[in-house]
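Residue strings, one per chain:
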Amino acid sequence: MAETRPRTLFDKIWDSHVVERLPDGTCLLYIDRHLVHEVTSPQAFEGLRMAGRQVRRPDATFAVADHNVPTSDRSAGIAEPESRIQVETLEKNVAEFGVPYFPLLDARQGIVHIVGPEQGISQPGMTIVCGDSHTSTHGALGALAFGIGTSEVEHVLATQTLLQKPAKNMLVRVDGALPLGCTAKDIILAIIGRIGTAGGTGHVIEYAGEAIRALDMAGRMTICNMSIEGGARAGLIAPDETTFAYIKGRPHAPKGEAWDRAVAWWKSLPSDEGASYDTTIVINAPDIVPLVTWGTSPEDVVPVTGAVPDPANESSEARRAAKQRMLDYMGLTPGQRMQDIAVDVVFIGSCTNGRIEDIRAAAAVAKGRKVVSGVRAMVVPGSGLVKEAAEAEGLDKVLIEAGFEWREAGCSMCLGMNPDQLKPGQRCASTSNRNFEGRQGPGGRTHLMSPAMAAAAAVTGRLTDVRELAR
Amino acid sequence: MQPFTTLTGIAAPLPQPNVDTDKIIPARFLKTILRTGLGKNLFDTLRYRPDGSENPDFILNREPYRKAEILIAGPNFGCGSSREHAPWALLDFGIRCVIAPDFADIFFNNCFKNGILPIKLPQEVCDALLADAELGANARLTVDLERQVVVRPNGEEIRFEVDPFRKHCLLNGLDDIGQTMAHAPKIDAFETRRRAEQPWL
Ligand code: SF4
């Protein structure tokens, strides 16, 4: 290719996957890995069947059930009939089309975005798609990963390609070191608070800077995961030694000579010196504090030490009305201290914060403390393997001892499709990614935060600055 | 896919910003394995009260908007999840065109795949269309995709932009997969080269 201009990581991955460029700039993009789950795939497989089409590359496709599965004992199967049908439909489809599948009782089952990296399925430089918007998670490995709708799921199953227009490049640089008590979750909440939920629309966000480089893979996945809450379909972090060390030895990672060739290619992927971005945002990490959301949009963030904002300060009547509506829904009053807000439920899990590192952080806070009486606190590992790892470290005992429920892997109360739902009016400290009205159950009220902060809320019964517990 | 050519119909105003896909169709209705039947749960939490009865204040529960075919929405419409159930629910209700200042990317794409036309127009223009929509049955809008215009009840024509390829597909009701299949030799060649150069992929 005669390409000489400095390119971004996104440009490089994009260019290396273009099968054909159509006259209007739309590209037929080759897809390396396709992850499939039970909720957004049945209609796609049905479409294939009706048209007499095959799955083009079953070897590049992986399926797992996660959204709809119970997180209590599942040895007796799924009680809820509609959920059972959806999972059974997936099982029937993967068998018919020859797609690899991690069954419900397999330790490798879990949330699709936890499973992909964990199995080494997701690798740098790849294009990865899934019928789920949080596919952006896999960008933490330096892959171009984004969510697609069911029609596109069918398109990828049939052709292993997608019709796409190139996105714009956005750089979010997080300079300096993150203060103690702050986590990757606080970084991404700070970013979304700054750019807003539509700030990244039409863009792919590349996260860079000292604070990002210092993160482990779990933290990087937390950041890329919530790119979609900032409006961007994908987030990316350049692969480095941390990435390579994470991937090495995983079941689907390249081995032997292929590993060396892969690493050599991966090292060529980071953005070139002088590559240009359509938008650049700089955040100063030392200024970041532990954050929580107060409203029903992920951009509604405040420091946990702060107070509920006053809609009167909004710039327009429409915005005032929107914020007032949120306060009414959330049952909050302007000026109320965030730390005075009592919670009913604590949810630790999801593809944002359901990895072993997150469970360690929660257990560290829970150790030697008790969940306040009347608060329901649940920990839902992101995969069966995360659960096993936590149990090997004795974290399950620490959490159960403190009064947390220790559950089976799945999406659970992140979206409340299974029985794990908030009741109307219940307030939840949650490590998930969306605080939309009714997201965790009809009428439920969600405050987003890091795992350590959620655990702190469980043991105090209110939103709490985790740094105070550490003192 | 049903082609989209010209649509004349009642437009419902829904000006609130950031209407997310959980609002369009809450997750608990995603357990279906079909594309149809979601219309009754479109905007479920806005449309029904906790006891299941209709909320009389919600726009789609009022005449003539029960028969709305066009939605005039607020900024960042369709943000949140990738669920195609959102356009399926709109379509099943009977809405074939959504006009808003801007849309979330995935939802925007998903609309085209289902014969729904999403139109981006500046906020001031949307405000004028919202005012038209408030007039109800006396004020039908016409959306002419071929000419790329929205015709207001007063006859004024508002031009909109649409990607030429997507326009072509919508006008003819074309399914992307069939078209991509025509490029199969190129995909084969790409895969062959890939297997030689980067076998781990
Ligand atoms: S954990 Fe939540 S955000 Fe992640 S895939 Fe599951 S439902 Fe979606």
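Residues numbered from 1 in each chain as written. Chains lettered and ligands numbered in written order. Predicted model: local features only at pLDDT ≥ 70, side-chain atom pairs only at ≥ 80, totals over all residues. Heavy atoms only, no water.

(A) Looking closely at the packing of helix H3 (residues 85–93) of chain B against helix H4 (residues 105–112) of chain B. Residues and elements named next belong to chain B. It is the contact of H3 with H4, at a shortest axis distance of 9 Å, that shows an interaxial angle of 50 degrees. When the axis of H3 is compared with that of H4, the two are oblique. Between H3 and H4 lies a crossing whose hand is right-handed. Along the contact surface, H3 presents Ala86, Pro87 and Leu90, while H4 presents Phe107, Asn110 and Cys111. (Axes fitted to C-alpha atoms, helices over the stretch in contact; angles between N-to-C directions. Helix = DSSP H or I, 4+ residues; strand = E, 2+ residues; numbered from the N terminus. Parallel < 35°, antiparallel > 145°, perpendicular 65-115°, else oblique. Left-handed = near helix turned anticlockwise from the far one by under 90°. Contact = heavy atoms within 4.5 Å.)

(B) Quick peek at the site of the ligand. Neighbouring residues of the ligand: His67(A), Ile111(A), His113(A), Asp132(A), His134(A), Ser350(A), Cys351(A), Cys411(A), Cys414(A), Leu415(A), Asn433(A) and Arg439(A). For the shell around the ligand, the class distribution of residues is five nonpolar, five polar and two charged. (Near = heavy atom within 4 Å. Nonpolar A, V, L, I, M, F, W, Y, C, P; charged D, E, K, R; others polar.)

(C) Quick peek at the environment of Ala182(B). All names here are of chain B. The residue Ala182 is located in the loop between helix H7 (176–181) and helix H8 (184–197) in this model. When its relative accessible area of 63% is taken as the criterion, Ala182 is described as exposed. In this structure the C-alpha to C-alpha distance between Ala182 and Gly115, which are 67 residues apart in sequence, comes to 22 Å. (Buried < 20%, exposed > 50% of the residue type's maximum accessible area, 1.4 Å probe, protein only.)

(D) How the structure looks around the nonpolar core. In terms of nonpolar packing, the biggest core is built from 109 residues, with Phe404(A), Phe43(B) and Phe77(B) touching the most fellow members. Aside from chain neighbours lying at most four places away, what touches Phe77(B) is Leu14(B), Val19(B), Ile24(B), Phe43(B), Leu71(B), Val98(B), Ala100(B), Asp102(B), Phe103(B), Ala104(B) and Phe107(B). In this structure, Leu9(A), Val55(A), Met221(A) and Ile288(A) belong to the second largest nonpolar core, which totals 96 residues. (Core = buried A, V, L, I, M, F, W, Y, C linked by side-chain atoms within 4.5 Å.)

(E) Structural context of the state of the cysteines. All names here are of chain B. Inspection of the entire model under this criterion finds zero disulfides over all chains. As a non-bridged cysteine, Cys79 has Cys111 as the owner of its nearest cysteine sulfur, 13 Å distant. The closest cysteine sulfur to the non-disulfide-bonded Cys111 is located on Cys97, 9.3 Å from its own sulfur. (Disulfide = S-S within 2.5 Å.)

(F) Representation of the pattern of salt bridges in the model. Scanning all chains against the criterion turns up 47 salt bridges over all chains. A salt bridge links Glu154(A) to Arg35(B), with the shortest nitrogen-to-oxygen separation between them at 3.4 Å. A residue pair is termed interchain when its members come from two chains, as with Glu154(A) in helix H5 (residues 150–159) and Arg35(B) in the loop between helix H1 (21–24) and helix H2 (44–47). Take Glu154(A): its relative accessible area is 10%, and that puts it in the buried class. Looking at Arg35(B), the relative accessible area reads 30%, which means it is partly exposed. We note a salt bridge from Glu391(A) to Lys387(A), for which the minimum N-O separation is 3.4 Å. Here Lys387(A) and Glu391(A) lie together in helix H14 (residues 384–392), a separation of four residues that amounts to about one turn. (Salt bridge = Lys/Arg side-chain N within 4 Å of Asp/Glu carboxyl O.)

(G) Main features of the sheet that holds strand E12 (residues 279–284) of chain A. Residue and element names in this part refer to chain A. With respect to topology, four strands assemble into an open sheet ordered E11-E10-E9-E12, the strand pairing being parallel. The strands lining the two open edges of the sheet, one partner per strand, are strand E11 (234–236) and E12. Averaged over all adjacent pairs, the angle separating strand axes in this sheet is 20 degrees, with direction ignored. Pairing analysis gives six bridges linking strand E9 (residues 168–175) to E12, with the strands arranged parallel. Each residue of the ladder has a partner; that of Leu171, found in E12, is Thr280. Helix H6 (residues 184–195) contacts E9, strand E10 (203–208) and E12 of the sheet and is inclined by roughly 130 degrees relative to E12. (Pairing = 2+ DSSP bridges.)

(H) Looking closely at the sheet that holds strand E2 (residues 27–30) of chain A. Residues and elements named next belong to chain A. In space, the three strands of this open sheet follow the order E1-E2-E8, with antiparallel pairing throughout. Of all strands in the sheet, those with a lone pairing partner are strand E1 (18–21) and strand E8 (161–164), marking the two edges. Within this sheet the neighbouring strands show an average axis-to-axis angle of 20 degrees, counted without direction. Where E1 lies against E2, three bridges are found, and the strand directions are antiparallel. Looking at the pairing, Arg21 lines up with Cys27 of E2.

(I) Representation of the interface of chain A and chain B. Tallying the contact residues gives 67 residues for chain A and 52 residues for chain B. Roughly 5,000 Å² is buried in total at the junction of chain A and chain B, and carbon and sulfur atoms are behind 55% of that figure. Summed over the shared surface of chain A and chain B, the number is nine salt bridges. Two residues, Lys165(A) and Asp163(B), come together in a salt bridge whose shortest N-O distance is 2.1 Å. When residues of the side of chain A that touches chain B are traced back to their parent elements, those giving at least two are E1, E2, helix H2 (42–51), helix H3 (81–97), H5, E8, helix H10 (257–266) and helix H11 (317–330) of chain A. If you tally residues by element for the side of chain A that touches chain B, the top one is H5(A), at seven residues. Grouping the amino acids of the side of chain A that touches chain B by side-chain chemistry returns 24 nonpolar, 23 polar and 20 charged. (Buried area = accessible area lost by both parts, 1.4 Å probe.)

(J) H11(A), seen in detail. Residue and element names in this part refer to chain A. For H11, which comprises 14 residues, the first-to-last C-alpha distance of 20 Å matches the rise-based estimate of 20 Å (1.5 Å per residue) to within 8%. What H11 keeps buried is the set Ala322, Lys323, Met326, Leu327, Tyr329 and Met330. Viewed along the axis of H11, the buried residues span an arc of 165 degrees, placing them on a single side of the element. Opposite the buried face of H11, at more than 90 degrees from it, the exposed residues are Glu317 and Asp328. In this structure, the buried side of H11 is in contact with strand E18 (427–430) and strand E19 (445–448). Just past H11, the residue Gly331 takes up positive phi, approximately 70 degrees. (Expected span 1.5 Å × (residues − 1). Arc of directions from axis to C-beta.)

(K) Main features of the pairing of strand E2 (residues 11–14) of chain B. All names here are of chain B. By the alternation rule, side chains of E2 split into Ala11 and Pro13 and Ala12 and Leu14, which are all buried. Bridge analysis of E2 against strand E3 (residues 70–73) gives four bridges, and the strand direction is parallel. Bridge pairing in E3 places Pro13 opposite Ile72.

(L) Examining the packing of aromatic side chains more closely. Using the criterion set out here, one finds twelve aromatic pairs over all chains in the structure. Ring plane angle 40 degrees and centroid distance 5.5 Å describe the contact between Phe103(B) and Phe108(B), whose orientation is recorded as tilted. The pair Phe103(B) / Phe108(B) is uniform in exposure class, with both members buried. Taken together, the ring pairs connect Phe77(B), Phe103(B), Phe107(B), Phe108(B) and Phe112(B) into an aromatic cluster. The ring of Tyr246(A) has Arg250(A) lying over it, and the distance from NZ or CZ to the ring centre is 3.9 Å. Looking at Lys120(B), its charged tip hangs above the ring of Phe108(B), at a distance of 4.6 Å from the centre. (Phe/Tyr/Trp six-rings, centres within 6.5 Å; stacked < 30°, edge-to-face > 60°. Lys NZ or Arg CZ within 6 Å of the ring centre and 35° of its normal.)

(M) A look at the side chain of Glu437(A). Tracing the sequence through the fold places Glu437(A) in the loop between E18 and E19. Among the residues examined, Glu437(A) registers a relative accessible area of 11% and is labelled buried.

These values are about where atoms sit, not about what they do.
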